[in-house]
Amino acid sequence: MKFILRTFKWNIRSVKSRLILSYSIILLIPSLAIGWNSYTTAKNKVDDQMKQAAAAEVALLNQTIAQMIDGKMKDVDLLSQQVSLGSIGSIQGDEDPKVNEAMDTFKRLHPELESVIAGTDQGVTVQSPRSLTIPADYDPRNKPWYTQAMAHKDKVIVTNTYISNFSNMAIVSIAKAVNDGHGVIAANLNLKTLDDMVKGVKIGERGYIYLLDANRKYLIHPIAKIGDTSTAPTTDTMFKSESGEIEYVNTLDGKPKKMVYETNPLTGWKIAGTWYSDEVRQAAAPIFRRTTMVMALALFAGAIIVFVIIRSIAIPLRSLTDTSREISEGDLERRVEVKAGDELGQLGRSFNAMVDSLRSVMLELARRNREMTDSIAYANRIQQSVLPSPASLEQVFAEHWVVWKPRDVVGGDFYWTRQVGEVRWVAVGDCTGHGVPGALMTMLTVALLNRIADQGGNDVPSQVLQKLNGLLKHMLRQEQPEGLSDDGLDLGLCFAHGAEVTFAGAGMTIYVADAAGVRMVKGDKHKIGYRSTPPDCEYTNRLLRADPDAAYYMASDGVTDQNGGDKNVSLGRTRLMAWIDSFRILSMPEQRGEFERKLADYMGSEPQRDDIAMLAFRAAPKRAS
């Protein structure tokens, strides 16, 4: 069993563990259900048998009492008709031989009686046997048997239990007024005979029968004192109905018990049979033990079978899992060792076929990836070839710096310069898209800018933006409903004539830094080329008044939108202006290094979100201090 437990290392997420759980449930639930049902059925059957036995004993005793009392009532009724008490005098000791003979004969015929007694209306008492001593102050007329009989002269009455004046034992009297009306004749029934009868009755091992009279006094009980009034909670329930069943806790020992009871119709006595509930469990315990043993053996045998079945499933699955992991790590030479001819073996063969197919696909994908990577690398060289070279930038602006960082190998941001007569043109653009689509847009835009510059007639930068907008919309058919695209760009363009700089922007901002600090100049909101931009859209020229040695900065939104910092928020224009202000007094090469360091620190581990382009220049060389 320890070997089985070591083999089944528990992991609820594994197939093996779920199989173990499933088989365990399949084995345990029916076994427990059958075992519990058997035990419960047996316990209920034993309980029912004990209840039936108690009910039978109670009913038999009730019938016996009824027969005994009824017989005595008939005999007393006959005796009351045979004797006449009017002939007895008024002094204790006066007797009538006929009365004595009748009473003695009655006592001989009923030896179970304690005595036969007669009381006259003169207060004289006559009894049989005469050996019993009559107390000197005894007056029969004050006794319940006399008063009840005289109150119901035509009926035989049965008194409640009381202690005999002659024997000090519990008795009941069965009495009737004699026909001449001068007294009452009574038979005193000693309950010892009934007690002996009840003591012989057993309900289970420790159960018993007890009797209460109509005044809730104990007539017969194995523990309680005879004649005491019962105060048990069950007594209230018993006196609410003629018969019934009660479950209760015994106040004497605190153990649960059950009871059935009936009421004797002649006397009003309650006859109860009671037994301990734990006797039912004890009687059913052997069945429970046998059921438990059978369940344990069945579960052990089932566990062995489950172990064999699960092992035959788990080993191939583990092999398949290990092989899959090694293949996921790049080892496409691995194969699953197939031995079985079942569904798992079929799965292994299918897996090997899939790996062969995957290897072929991966080889083809690697080949195509190399081709694509080579193509993109070549596209990068082409894109860089249309961007100004460092030497050409140096010729146009002696002092400048530029940072160009596509998010991918190629991108949609660009910078561009051109010398047209005495005017130097410089632009930064941010085209739609990233990667190859963005790069195609940059090449198209640069070609159009060169075309506009070559055609001439451009006195201010706003004219260039207006022409570029119209040409780009025409080239991309974005004026026509059948056009497939809605592409364009943000563009900032400066004309530098000596130290004077004029700026026009389409969705682009320029930052000016001089002795007064850093300020931001926004371009127009209309961008270039998009369907929402009118074909004849006019842009605004902004003369940037600044110190002769001022520096100018244009950046794509890839700079200001970059996430980072402690709160992982966008860099934003305010923070960018603060950076520019911090390094504006440095030389251009130093500014570039400081900008790249600050940007790297701000990004931290955050990936680059967009293409980044930033260009800085001075229109006139900085004067030596």
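Residues numbered from 1 in each chain as written. Predicted model: local features only at pLDDT ≥ 70, side-chain atom pairs only at ≥ 80, totals over all residues. Heavy atoms only, no water.

### Thoughts on the sheet that holds strand 16 (residues 500–506)
The sheet built from five strands is open, its strands ordered 13-14-15-16-19 with antiparallel pairing. Looking at strand neighbours, the two that pair on one side only are strand 13 (413–420) and strand 19 (542–544), the edges of this open sheet. With strand direction ignored, the average angle separating the axes of adjacent strands in the sheet is 20°. Sheet topology note: the strand 15 (residues 489–497)/strand 16 ladder contains seven bridges and is antiparallel. Bridge pairing links C494 to F503 in strand 16. (Pairing = 2+ DSSP bridges. Helix = DSSP H or I, 4+ residues; strand = E, 2+ residues; numbered from the N terminus. Axes fitted to C-alpha atoms, helices over the stretch in contact; angles between N-to-C directions.)

### Quick look at the nonpolar core
Across soluble globular proteins, nonpolar side chains have a tendency to be buried as a group. Core analysis: the biggest nonpolar cluster contains 51 residues, and F414, W416, I528 and Y552 have the highest contact counts within it. Once you skip the residues sitting within four places of it in the chain, F414 turns out to touch L387, W404, A427, V428, G429, C431, T442, T445, V446, L449, L489 and L491. Listed in part, the 46 residues of the second largest apolar core include A102, I185, V260 and V280. (Core = buried A, V, L, I, M, F, W, Y, C linked by side-chain atoms within 4.5 Å. Buried < 20%, exposed > 50% of the residue type's maximum accessible area, 1.4 Å probe, protein only. Contact = heavy atoms within 4.5 Å.)

### A few points about helix 5 (residues 192–199)
All buried positions along helix 5 are accounted for by L194, D195 and V198. Looking straight down helix 5, one finds its buried side chains confined to an arc of 100°; they lie on one side. (Arc of directions from axis to C-beta.)

### Regarding the sheet that holds strand 17 (residues 509–514)
In space, the five strands of this open sheet follow the order 12-23-20-17-18, with antiparallel pairing throughout. Only two strands of the sheet have a single partner each, and these edge strands are strand 12 (400–405) and strand 18 (517–522). Going from strand to strand, the sheet's axes swing by 15° on average, the running direction of each strand aside. As paired elements, strand 12 and strand 23 (residues 612–618) share six bridges and run antiparallel to each other. Note that in strand 23 the partner of V402 across the bridge is L615. Against the sheet, helix 13 (residues 572–583) touches strand 12, strand 17, strand 18, strand 20 (551–555) and strand 23, its axis set at about 140° to strand 18. Sitting on the sheet, helix 14 (residues 588–603) touches strand 12, strand 20 and strand 23, and the angle it makes with strand 12 is about 30°.

### A closer look at the pattern of salt bridges
Per the counting criterion, the structure on display carries 22 salt bridges. Ionic pairing is found between E371 and R367, a salt bridge with its closest N-O pair at 2.6 Å. Of this pair, E371 and R367 both sit in helix 8 (residues 343–386), four residues apart, which is roughly one turn of the helix. On the basis of relative accessibility, which here comes to 42%, the residue E371 falls in the partly exposed class. As a salt-bridge pair, R597 and E594 come within 2.5 Å of each other at their nearest N and O atoms. Taken together, the residues R597 and E594, both in helix 14 and three residues apart, mark about one turn of the helix. (Salt bridge = Lys/Arg side-chain N within 4 Å of Asp/Glu carboxyl O.)

### Side note on the state of the cysteines
One pass over the structure, following the stated rule, counts zero disulfides. With no disulfide of its own, C494 has C431 as its nearest cysteine by sulfur position, at a separation of 17 Å. Taking relative accessible area as the criterion, C494 reaches 0% and is therefore assigned buried. With no disulfide partner, C537 has as its closest neighbouring cysteine sulfur the one in C431, 17 Å distant. (Disulfide = S-S within 2.5 Å.)

### As for the packing of helix 10 (residues 435–455) against helix 11 (residues 461–475)
A pair of packed helices can be characterised by two numbers: the angle between their axes and the separation between those axes. At a minimum axis distance of 10 Å, the contact between helix 10 and helix 11 shows a crossing angle of 130°. Here helix 10 lies oblique to helix 11, going by the angle between them. For helix 10 against helix 11, the interelement crossing comes out right-handed. Between helix 10 and helix 11, the contacting residues are M441, L444, T445, L448, L449, R451 and I452 on the first element and V464, K467, L468, L471, L472 and M475 on the second. (Parallel < 35°, antiparallel > 145°, perpendicular 65-115°, else oblique. Left-handed = near helix turned anticlockwise from the far one by under 90°.)

### Overview of helix 3 (residues 97–109)
Taking 1.5 Å per residue as the helical rise, helix 3 with its 13 residues ought to reach 18 Å, and the 18 Å between its terminal C-alpha atoms agrees with that figure. Taken as a whole, helix 3 has its buried residues at V99, N100, A102, M103, D104, F106 and K107. A side-chain oxygen of the first residue of helix 3 lies 3.1 Å from the backbone nitrogen of K98; this N-cap is D96. (Expected span 1.5 Å × (residues − 1). Polar contact = N/O pair within 3.5 Å; in protein donor to acceptor, adjacent residues only side chain to side chain.)

### What about the domain arrangement of the protein chain?
A common measure of how large an interface is: the accessible area buried when the components associate. Taken domain by domain, the protein chain comprises domain 1 (69–190), domain 2 (194–280) and domain 3 (387–618). The C-alpha centroid of domain 3 is placed 107 Å from the C-alpha centroid of domain 2. (Domains from an automatic or database assignment.)

### Digging into the packing of helix 13 against helix 14
As a packed pair, helix 13 and helix 14 sit with axes 10 Å apart at the nearest point and diverge in direction by 140°. By the criterion of interaxial angle, the relationship of helix 13 to helix 14 is oblique. Viewed along their axes, helix 13 and helix 14 form a crossing whose handedness is right-handed. Of helix 14, the residues touching helix 13 (which contributes R575, L576, W579, S582 and F583) are Q591, E594, F595, K598, L599 and Y602.

### Details of unusual backbone geometry
Here the residue pair S128 and P129 is connected by a cis peptide bond, since its omega of 5° sits within 30 degrees of zero. Along the chain, P129 turns up in the loop between strand 2 (125–128) and helix 4 (144–151). In this structure, R477 is a non-glycine residue whose phi angle is positive, near 55°. Within the secondary structure layout, R477 lies in the loop between helix 11 and strand 15. Overall, R477 belongs to the exposed group, its relative accessible area being 52%. Backbone geometry at N568 places phi at a positive 55°, although glycine is not the residue there. Judged by relative accessible area, which is 36%, N568 ranks as partly exposed.

### Topic: the side chain of D514
Along the chain, D514 falls in strand 17. Note on D514: relative accessible area 9%, which makes it buried. Within polar-contact distance, the side chain of D514 engages the backbone nitrogen of D547 at 3.5 Å. Setting aside its immediate chain neighbours within four residues, D514 contacts R519, A546, D547, A550 and R584.

### Observations concerning the pairing of strand 14 (residues 423–431)
With eight of nine residues buried, strand 14 is to be regarded as a mostly interior element. Of the strand pairs in this sheet, strand 13 and strand 14 are connected by eight bridges, and their pairing is antiparallel. Looking across to strand 14, one finds that Q419 is bridged to R424. Between the antiparallel neighbours strand 13 and strand 14 lie two residues, among them G421 with a positive phi of about 65°. By the bridge criterion, eight bridges tie strand 14 to strand 15 in an arrangement that is antiparallel. Bridging across to strand 15, V426 finds its partner in C494.

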